[in-house]
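# Remarks on the overall topology
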Amino acid sequence: MKQALVQRLGFGLLFICITSTLFFLGLIIYFIFTRGISVISWVFLTQAPRNAMTAGGVAPVIAGTLYLTLGSMLFAVPLGLACAIYLCEYSPKGAIVNIIRMSINNLAGVPSVVFGLFGLAVFVKFFGFGVSILSGSLTLGILALPLIISASQEALLSVPQSIREASLSLGATKWETIKNIVLPTALPGILTGVILSIGRVAGETAPILFTAAAFYLRGYPKSVFSEVMALPYHIYALMTEGAHPDKQKAIAYGCSLILLFLVLFISGIAIFLRQRQRSYHG
Amino acid sequence: MPRTHLKEKLYKWIFTLLSFSSLIFLIGIVIVLFREGIPIFKEAGFLKFIFGRNWYPTYRPPEFGILPLILASLWVTAGAVIVCIPLGVGSALYLNEIAGYRQKQFLKPVIELLASIPSVVFGFFGMVIVTPFLQKVFNLPTGMTALNASLILGLMATPTVCSISEDALSYVPNAFREASFAVGANRWQTLTQVVIPAAGSGISTAIILGMSRAIGETMTVLMVAGGAAVIPHSFLEPVRPMTAAIAAEMGEAPMGGSHYHALFAIALVLFLITFVFNIAAEIISRRFRIKLGLSG
Amino acid sequence: MDNKIKMRAQKVNFFYGKVQALKDINLAVHANCVTAMIGPSGCGKSTFIRLFNRMNELLPHTLLKGKVFLDDLDINSPLVDAVDIRRRVGMVFQKPNPFPKSIFENISYGLKVNGVREKDYIAGKVEESLKKAALWDEVKERLGESALRLSGGQQQRLCIARCLAVENEVILFDEPCASLDPISTAKIEELIMELKKSYSIVIVTHNMQQAARVSECTGFFLLGELVEFGKTQDIFTAPKDKRTEAYITGRFG
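Residues numbered from 1 in each chain as written. Chains lettered and ligands numbered in written order. Predicted model: local features only at pLDDT ≥ 70, side-chain atom pairs only at ≥ 80, totals over all residues. Heavy atoms only, no water.

Once that is clear, we can look at the overall build of chain C. Secondary structure summary: chain C contains 10 helices and 10 strands in total. The C-alpha radius of gyration computed for chain C amounts to 18 Å, which stays within 12% of the reference 18 Å derived for 253 residues, consistent with globular compactness. For chain C, the spread of C-alpha atoms along the principal axes amounts to about 55 × 45 × 35 Å. With 253 residues in all, chain C has 56% of them scored as buried. (Helix = DSSP H or I, 4+ residues; strand = E, 2+ residues; numbered from the N terminus. Rg over C-alpha atoms; globule rule 2.2 N^0.38 Å. Buried < 20%, exposed > 50% of the residue type's maximum accessible area, 1.4 Å probe, protein only.)

See the structure below:
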């Protein structure tokens, strides 16, 4: 049977495709894990760098990533949620909504380095925030905005229309309905989306290159107007700057492992939660 | 007026206003890129800027021709597409058509998880593992080449392409498959002659979005492409894509100088290219949804 | 039909976009009566009762011509807030739609959005409403549990209790038994008979026996028109219109 043979070959080919995908991506995780794990120690996780980045730990770097991520979410979550609420709950269908939708889609496709330049021109220069946690957080926040909006929209749309009607029929106003019924029901979905965006933002480098990141600072940032070290930029800088490439490479392995673990852990939680979320009538 | 009216109106207005934020940021980005990029067109000439073959921004006198950078971006992206189509689309076909329910329940989230690996980690991997490997295999002066960037970028785009393609495949109604089986086609014939054509534009959307992501990707190409601003002739030479030029040079370009404006102009070109990609993807995906009778 | 008129539709025309869903409807609902609307699917009966608490204005591209009165109040007048109308005219929907909250919170929700704060009063009202809806004995031990864990019939009675707690004057039932088993249906019909002592009730149903069992007045809708309206007894025994007769004898729909 010729046809049967073709089918076997074709299926075999597809099997090779997926195994190579998993193999190569697994390879990255494997290398970073096996070579990075020896660098990780209590000192590495809890102390500041010493001797021109060749010794000590990376605690302020991890903290910097947390600050930037937290800052970006403080900015993007309320804004993105408000935007999703308007699109799902208030907007009459029409030209304005189409324009808003289109701009969200296009914002999502803007290359991350372009966000970096925008942040540099607007937050660093125009508003005069300088290279700082504030500028970096705002820049990352804009990058995260479309992610938050579409995740929130999806969550709001999954709230059945019937319970909105039930609430309104009891004499609740639109805002009372949104606040008491729609948002609590959509909350798990919104949270999942926010967690996924956190995973994405924590690993972004290009937007903070010119807006927030510094290679070597003594200790922790003092205020939102301070420059900051951050894991993704730190990995890059360790590999391209400094005077001791070999010692720095070991630290870069450690940083990569921490970043990879952090991002996979955060995204893993979100994906796991989403798999488990039950629908209203489930 | 009833007591609740004012409060309700207020909330509606707040949400309406905030919902314009995305539009404002998008317009803001366009304005910034034009404002900061235009001066270089005046200084160097638009055509000379786009088609100039020499990028020597810090020489005296400087030369601002970004053709090598544009070609490098396209070159690397083309290479990435060659890597990520078989891997990404192939994996999606496997997941949708061959994998059993439990296998799929497990693999889909795993692929999605892999999509979240940060680009700087890919870049780092390319630098410390792939670079020496390529150098040895091809006996090159440096392993940081267009090939390296293409491999890493392609691998990086694979999970995204796979996820979006898989979604497109799952939209193909089962009735199509059943109709094909009913006339005696086997699974492979059904897949290649019914399912893939039906999902074709959905898969194209996935590939275009993957390309858009690859061409705008910064850290990986900055770390592994080698950085030579010359017109690429082979995959085994170092190149400097647009994003890498911006990221590497912005730090040292004096603010407000020609070099600074030139980098913004590169970003403008990059923005326009990805804009076209995204619009194309949106149009194709809208047609796809209409074709399969899903809501536009 | 000696009771006073509670709600009244006057020359009502209703459009979804360009499609006319209701044509020139005139109808009066009397206090402390059950008024049933029957007719085949898509005849406009559900659309019609949703006009009584202004639910249709939530749908895009709709247009209402004509007037609807609650007592003597024109409910669509620009001076009237839809929210106030919905506080007086409650609704029970086709599919049970409890909030994904606890049983207690489901019932107390309507009170809270209407500004009631006293805890004792709310607790008393919750109990009273659940008792009226004949659900109290089944749920009194587990008021804190999620309402989504109740059975379909229990959920529907919960939705009725939720509606009762707000102390409205009219209750609209939009095919309340469409997704329920016969035993649950019987319970809800019993409940409706009990409720009409203190409320005006409008029920949409495609089940003619149900209309015959529970209602005093019946309106027959066909293709957006109110073909016939009168005492239930008359409609079912001596219909004036040929089309009504055809429908109730099962020749179409």
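There's more to say after this.
Before going further, it helps to examine the overall build of chain B. When helices and strands are tallied, chain B shows 12 helices and 2 strands. Along the chain direction, N to C, the helices and strands of chain B fall in the order α-α-α-β-β-α-α-α-α-α-α-α-α-α. Taken across its 296 residues, chain B has 55% of its residues classed as buried. Taking the contacts inside chain B whose residues are at least 6 apart along the sequence as the reference set, 72% of them involve residues at least 24 apart. When the accessible surface of chain B is summed, it comes to about 13000 Å², and 67% of that surface belongs to carbon and sulfur atoms. (Contact = heavy atoms within 4.5 Å. Areas by Shrake-Rupley, 256 points an atom, 1.4 Å probe, with all protein chains shown as cover.)

Counting 187 residues, the largest nonpolar core has B:Phe49 and C:Phe48 as its most contacted members. Here this core takes 13 residues from helix α3 (residues 59-90) of chain A, the largest share from any one element. Ranked by size, the runner-up nonpolar core spans 43 residues in total, among them C:Leu111, C:Leu130, C:Leu164 and C:Ile203. (Core = buried A, V, L, I, M, F, W, Y, C linked by side-chain atoms within 4.5 Å.)

Turning to the pattern of salt bridges, a few remarks are in order. For the structure on display, the rule yields 31 salt bridges over all chains. B:Lys108 serves as the salt-bridge partner of B:Asp167, at 3.1 Å between the closest nitrogen and oxygen. One end of the pair, B:Asp167, is in helix α7 (residues 146-171); the other, B:Lys108, is in helix α5 (residues 101-114), with 59 residues separating them in the sequence. A residue is classified by how much of its surface remains accessible, and B:Asp167, at 34% relative accessible area, is partly exposed. For B:Lys108, a relative accessible area of 23% translates into the label partly exposed. Overlapping salt bridges bring together C:Lys4, C:Lys6, C:Asp71, C:Arg88 and C:Glu169 as one network. (Salt bridge = Lys/Arg side-chain N within 4 Å of Asp/Glu carboxyl O.)

Residues and elements named next belong to chain B. Structurally, the position occupied by Val 83 is in helix α4 (residues 67-98). In this structure, the C-alpha to C-alpha distance between Val 83 and Thr 158, residues 75 residues apart in sequence, is 8.1 Å. Residues in contact with Val 83, not counting those within four places in the same chain, are Ser 150, Leu 151, Gly 154 and Leu 155.

Right, let's talk about the environment of B:Ala280 for a bit. Residues and elements named next belong to chain B. Inspection of the secondary structure assignment puts Ala 280 in helix α12 (residues 258-291). Judged by relative accessible area, which is 27%, Ala 280 ranks as partly exposed. The sequence separation of Ala 280 and Val 128 amounts to 152 residues, and the corresponding C-alpha distance is 36 Å.

What the rule picks out here adds up to 29 aromatic pairs over all chains. Ring centres 5.8 Å apart and planes at 70° place the aromatic pair A:Tyr30 and A:Phe31 in the edge-to-face group. A residue is classified by how much of its surface remains accessible, and A:Phe31, at 18% relative accessible area, is buried. Chaining the aromatic ring pairs together yields one cluster made of A:Phe118, A:Phe123, A:Phe126, A:Phe127, A:Phe129 and A:Phe225. Taking the ring centre of A:Tyr90 as reference, the NZ or CZ of A:Lys174 above it sits at 5.5 Å. For the cation-ring pair, C:Arg162 lies above C:Phe99, with the distance from its terminal atom to the ring centre recorded as 4.4 Å. (Phe/Tyr/Trp six-rings, centres within 6.5 Å; stacked < 30°, edge-to-face > 60°. Lys NZ or Arg CZ within 6 Å of the ring centre and 35° of its normal.)

What follows deals with a nonpolar patch on the surface. Residues A:Phe261, A:Phe265, A:Ile269, A:Phe272 and A:Leu273 make up a contiguous nonpolar surface patch of roughly 500 Å² in combined accessible area. When its relative accessible area of 34% is taken as the criterion, A:Leu273 is described as partly exposed. (Patch = residues over 30% accessible without salt bridge, like charges linked within 9 Å, V, L, I, M, F, W, Y side chains within 5 Å.)

Omega for the peptide link from B:Arg60 to B:Pro61 comes to -5°, which places this bond in the cis form. Tracing the backbone through its elements, the reader meets B:Pro61 in the loop between β1 (55-56) and β2 (63-64). Residues other than glycine seldom take positive phi values, yet C:Arg54 does so here, at roughly 55°. Structurally, C:Arg54 can be placed in the loop between α1 (45-49) and β4 (62-70). Positioned with a positive phi, C:His61 is a non-glycine residue whose angle comes to about 60°. On the secondary structure map, C:His61 appears in the loop between α1 and β4.

Next up on the list: the interface of chain A and chain B. Reports of interface size often rely on the accessible area that becomes lost once the parts have come together. Contacts between the two partners involve 80 residues from chain A and, on the opposite side, 76 residues from chain B. The interface formed by chain A and chain B includes 2 salt bridges. Along the contact surface separating chain A from chain B lie 16 residue pairs in polar contact (both at pLDDT 80 or more). By residue number, the principal contributor to the side of chain A that touches chain B is helix α1 (residues 2-36) of chain A, which donates 21 residues. Tallied by class, residues from the side of chain A that touches chain B come to 56 nonpolar, 18 polar and 6 charged. (Polar contact = N/O pair within 3.5 Å; in protein donor to acceptor, adjacent residues only side chain to side chain. Nonpolar A, V, L, I, M, F, W, Y, C, P; charged D, E, K, R; others polar.)

On to the packing of helix α4 (residues 95-109) of chain A against helix α6 (residues 133-157) of chain A, then. All names here are of chain A. The contact between α4 and α6 brings their axes to 8 Å, and the two run at 125°. Put simply, α4 runs oblique to α6. Where α4 crosses over α6, the handedness of that crossing is left-handed. Residues Arg 101, Ile 104, Leu 107 and Ala 108 of α4 pack against Ile 142, Leu 145, Pro 146, Ile 149 and Gln 153 of α6. Its residues assigned to classes, the contact of α4 with α6 shows 7 nonpolar, 1 polar and 1 charged. (Axes fitted to C-alpha atoms, helices over the stretch in contact; angles between N-to-C directions. Parallel < 35°, antiparallel > 145°, perpendicular 65-115°, else oblique. Left-handed = near helix turned anticlockwise from the far one by under 90°.)

Bringing helix α3 (residues 103-113) of chain C into the picture now. Along an α-helix, residues three or four positions apart point the same way, because every turn accommodates 3.6 residues. Most of α3(C) sits inside the fold, with 8 of its 11 residues counted as buried. Among the residues of α3(C), C:Ile103, C:Asn106, C:Ile107, C:Ser108, C:Tyr109, C:Gly110, C:Leu111 and C:Val113 are the ones counted as buried. Those residues of α3(C) hidden inside the fold are in contact with α7 (161-169) and α8 (174-202) of chain A together with α2 (82-88), α4 (119-132), α5 (136-139) and α6 (152-165) of chain C. Just downstream of α3(C), C:Gly115 is the residue with a positive phi angle, here 90°.

What follows deals with the pairing of β4(C). Residues and elements named next belong to chain C. Of the strand pairs in this sheet, strand β1 (residues 5-16) and β4 are connected by 8 bridges, and their pairing is antiparallel. Along β4, the bridge assignment pairs Ala 9 with Val 68. Bridge count between β4 and strand β5 (residues 73-74): 2 bridges; the pairing is antiparallel. Within β5, the residue paired with Leu 70 across the bridge is Leu 73. Hairpin connection of β4 to β5: 2 residues between the antiparallel strands, including Asp 71 at a positive phi of 50°. (Pairing = 2+ DSSP bridges.)

Here we come to the pairing of strand β7 (residues 170-174) of chain C. Residue and element names in this part refer to chain C. Within β7, 5 of the 5 residues are buried, which leaves the element mostly enclosed by the surrounding structure. Judged by which residues are buried, β7 turns out to be covered on both faces: Val 170, Leu 172 and Asp 174 on one side and Ile 171 and Phe 173 on the other are all buried. Alignment of strand β6 (residues 89-92) against β7, held across 4 bridges, turns out to be parallel. Bridging from a neighbouring strand, Gly 90 pairs with Ile 171 of β7. Bridge count between β7 and strand β8 (residues 200-204): 5 bridges; the pairing is parallel. Considered in β8, the bridge of Ile 171 is made with Ile 201. In this fold, β7 hands off to helix α7 (residues 182-195), which returns the chain to β8; that crossover is right-handed. (Right-handed = clockwise from strand over helix to strand, strands pointing away.)

All quantities given are derived from atomic positions and should not be read as evidence of function.
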